[in-house]
Amino acid sequence: MRIVFIGPPGAGKGTQSARLIQWLELAHLSTGDMLREAHRMPSAVSRKADEYMSAGKLVPDSIVIDMVRHRVAQPDCARGILFDGFPRTVAQAEALDEVLEKQGMPLDLALELQVDDKEVLRRLAGRGRSDDTVAVLAERLNNYWVLTQPLLDYYRQQGKLETIDGLGDIDDVSRRIRQAVDMRSPQRTKT
Ligand code: AMP
């Protein structure tokens, strides 16, 4: 299966991603992780990406799409992929559709983890990552609403969107996610 996981920062995507990839044996494609890794091997591109990340801004589509295009072609991605933190813009979603179509493995499902801003801010206040200062957080949340929300319509129109209530107990949220996945894929196909 190919699944896109969408949710604001602090929605609990990290925890739920880890469970999903284990359950469905998917390759984990997190553009945030890839960008942080690139940061450890400095290059002209990673330095440029750093500037955006440290300001809480989205890294330019061309950089991110290029990274994803390379990653998707790697052998472990053939068993299925969980896209985490990507796409974040409609342009990225369109590029992803194109990339997957070329590989003959279309996207199966877009999962939205829904958590309101008040709860997101409460959760993020306790997280303490270096890019979690208040100003940067506000910028990231704003990016989410302005740039990423239109993605929901994009996938809704394709009939691929499932919205999950991200509030409450972690195990309950996992159960809701599993139900949504099962509904789309009763045999839990891994291809
Ligand atoms: P994350 O770990 O997904 O919250 O990403 C951390 C930071 O990396 C974001 O605030 C962005 O600056 C950058 N980033 C990650 N994924 C993307 C993406 N798909 N498009 C643009 N920027 C991204």
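Up top is the structure.
Conventions we followed
- Residues numbered from 1 in each chain as written.
- Predicted model: local features only at pLDDT ≥ 70, side-chain atom pairs only at ≥ 80, totals over all residues.
- Heavy atoms only, no water.
- Pairing = 2+ DSSP bridges.
- Helix = DSSP H or I, 4+ residues; strand = E, 2+ residues; numbered from the N terminus.
- Axes fitted to C-alpha atoms, helices over the stretch in contact; angles between N-to-C directions.
- Near = heavy atom within 4 Å.
- Polar contact = N/O pair within 3.5 Å; in protein donor to acceptor, adjacent residues only side chain to side chain.
- Areas by Shrake-Rupley, 256 points an atom, 1.4 Å probe, with all protein chains shown as cover.
- Nonpolar A, V, L, I, M, F, W, Y, C, P; charged D, E, K, R; others polar.
- Contact = heavy atoms within 4.5 Å.

Read across the sheet, 5 strands follow the order β2-β3-β1-β4-β5 without closing on themselves; strand pairing throughout is parallel. Strands at the two margins of the open sheet, each flanked by one partner only, are β2 (27-30) and β5 (161-165). Geometrically, the sheet is characterised by an average inter-axis angle of 20° between neighbouring strands, direction not taken into account. In the sheet, strand β1 (residues 2-6) pairs with strand β3 (residues 81-84) via 4 bridges, with the strands oriented parallel.

The ligand sits among 15 residues. The nearest are Thr31, Arg36, Lys57, Arg88 and Arg140. Within the side chain of arginine 88, an N or O atom sits 2.8 Å from a nitrogen atom of the ligand. Notes on the ligand: free accessible area 480 Å², of which the protein chains cover 95%. Considering each element in turn, the shell around the ligand owes the most residues, 4 residues, to helix α2 (residues 31-40). Across the shell around the ligand, the residue classes break down as 6 nonpolar, 4 polar and 5 charged.

Counting through the fold element by element, alanine 180 comes out in helix α8 (residues 170-184). Spatially, the C-alpha atom of alanine 180 lies 9.2 Å from that of leucine 109, the residues being 71 residues apart in sequence. If we skip the residues at most four places from it in the chain, alanine 180 touches Leu111, Glu162 and Ile164.

Treat this as a map of the structure, not an account of what it does.
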